[in-house]
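Next come the chains, spelled out residue by residue.
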Amino acid sequence: APRNQVRTLTGKPQSGKHFPAMPYPELPAYYRELSTANETVGRLSLMFLIATAARSTEVREARWHHIDLASAQWRRPASLMRKSNEAHVVTLNKAALSILKRIKRLEPTANADDLIFRNRKRNMLSDMTISKIMRDGGLPWVPRGFRSTFRDWAAEQQPEIPDPVAEA
């Protein structure tokens with residue numbers, strides 16, 4: 001009975017929910033705007049999310065020892081991969097590597113076990129920190145929607161990329 005009471009209060013769980021996504025032609029201008037605005041950990045985490053097409057939780061839980069700068073890889077352990085529960089390697093592009101250098105300047109004493117993007121108390125950023133950047137800009141989209149933005153771009157502008165690769 002308690003489970004049914006909770007279900008009554010919270011509603012039926014949603015699966016496959018679509019999130020408002022920025023149209024990909026608008027993304028370069030928005031990214032440039034983020035790049036030139038006041039540099040904050042929240043803004044850099046949003047930029048990293050965009051540059052890697054990662055989920056907010058994956059970005060917020062990322063630690064320096066997941067990053068291999070020499071091979072430009074983000075080795076995300078299975079524990080970080082909520083949906084697939086499988087380890088995943090992301091090749092870091094120039095934008096992502098630049099963001100990591102910028103965050104390192106803000107957090108020069110960070111060690112390998114530290115979160116890359118952390119709040120003033122050195123704890124994990126809240127999801128609201130990232131969302132607030134877009135909301136304060138009056139944007140109708142949400143950070144989670146950037147995965148769809150990337151997917152649309154890949155499908156329409158990079159048709160040679162196989163679907164399973166774009167999905168990964």
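Refer to the structure presented above.
We now turn to the structure provided with this report.

**With respect to the environment of L46**
Then step 1. With respect to the element layout, L46 can be found in helix α3 (residues 41-52).
Then step 2. A relative accessible area of 0% places L46 in the buried class.
Then step 3. Beyond its immediate sequence surroundings of up to four residues, L46 is in contact with Y30, L34, I130, I133, M134, P143 and F146.

**Focus: the layout of surface pockets**
Then step 1. Of the voids in this model, the largest pocket is the one considered here, and its volume is about 1300 Å³.
Then step 2. Forming the walls of the largest pocket are 43 residues, and the residues nearest its centre are A53, R147, F150, A166 and E167.
Then step 3. Within the residue set of the lining of the largest pocket, elements represented by two or more residues are α2 (27-36), α3, β3 (88-91), α7 (146-157) and α8 (163-167).
Then step 4. The greatest single-element share of the lining of the largest pocket, amounting to 8 residues, is contributed by α7.
Then step 5. By residue class, the composition of the lining of the largest pocket is 21 nonpolar, 11 polar and 11 charged.
Then step 6. Approximately 380 Å³ is the volume found for the second largest pocket.
Then step 7. For the lining of the second largest pocket, the secondary structure elements donating two or more residues are α3 and α6 (127-136).

**A short note on the pattern of salt bridges**
Then step 1. Counted according to the given criterion, the structure contains 10 salt bridges.
Then step 2. R75 is the salt-bridge partner of D68, the closest N and O atoms lying 3.2 Å from each other.
Then step 3. D68 gets classed as partly exposed once you look at its relative accessible area, which sits at 21%.
Then step 4. A salt bridge links D163 to R151; its shortest N-O distance comes to 3.0 Å. On the criterion of sequence distance, the pair formed by D163 in helix α8 and R151 in helix α7 is long-range, its members being 12 residues apart.
Then step 5. Shared partners join several salt bridges into a network, and the residues in it are E107, D114, R118 and R122.

**A word on the side chain of R76**
Then step 1. Mapped onto the fold, R76 is located in strand β2 (residues 73-76).
Then step 2. There is a polar contact of 3.1 Å between the side chain of R76 and the side chain of E58.
Then step 3. Not counting residues up to four positions away in its chain, the partners in contact with R76 are A54, E58, M81, A87, H88 and V90.

**Quick look at α6**
Then step 1. Restricting attention to buried positions, one finds in α6 the residues I130, S131, I133 and M134. On an axial view of α6, the arc spanned by its buried residues comes to 145°, and they lie on one face.
Then step 2. Buried-residue contacts for α6 involve α2, α3, α4 (56-61) and α7.

**Structural notes on the sheet that holds β3**
Then step 1. Pairing is antiparallel in the open sheet, where 3 strands are placed in the order β1-β2-β3. The open sheet has two free edges, formed respectively by β1 (67-68) and β3, since each of these has just one partner strand.
Then step 2. Here β2 pairs with β3 via 4 bridges, running antiparallel. Paired with W74 across the two strands is V90, which belongs to β3.

Definitions and cut-offs
- Residues numbered from 1 in each chain as written.
- Predicted model: local features only at pLDDT ≥ 70, side-chain atom pairs only at ≥ 80, totals over all residues.
- Heavy atoms only, no water.
- Helix = DSSP H or I, 4+ residues; strand = E, 2+ residues; numbered from the N terminus.
- Buried < 20%, exposed > 50% of the residue type's maximum accessible area, 1.4 Å probe, protein only.
- Contact = heavy atoms within 4.5 Å.
- 1 Å grid on protein atoms, 1.4 Å probe; cavity = no way out; pocket = protein on both sides within 12 Å on 5 of 7 lines; lining within 4 Å.
- Points joined across faces, edges and corners; volume = space filled by probe spheres on them.
- Nonpolar A, V, L, I, M, F, W, Y, C, P; charged D, E, K, R; others polar.
- Salt bridge = Lys/Arg side-chain N within 4 Å of Asp/Glu carboxyl O.
- Polar contact = N/O pair within 3.5 Å; in protein donor to acceptor, adjacent residues only side chain to side chain.
- Arc of directions from axis to C-beta.
- Pairing = 2+ DSSP bridges.

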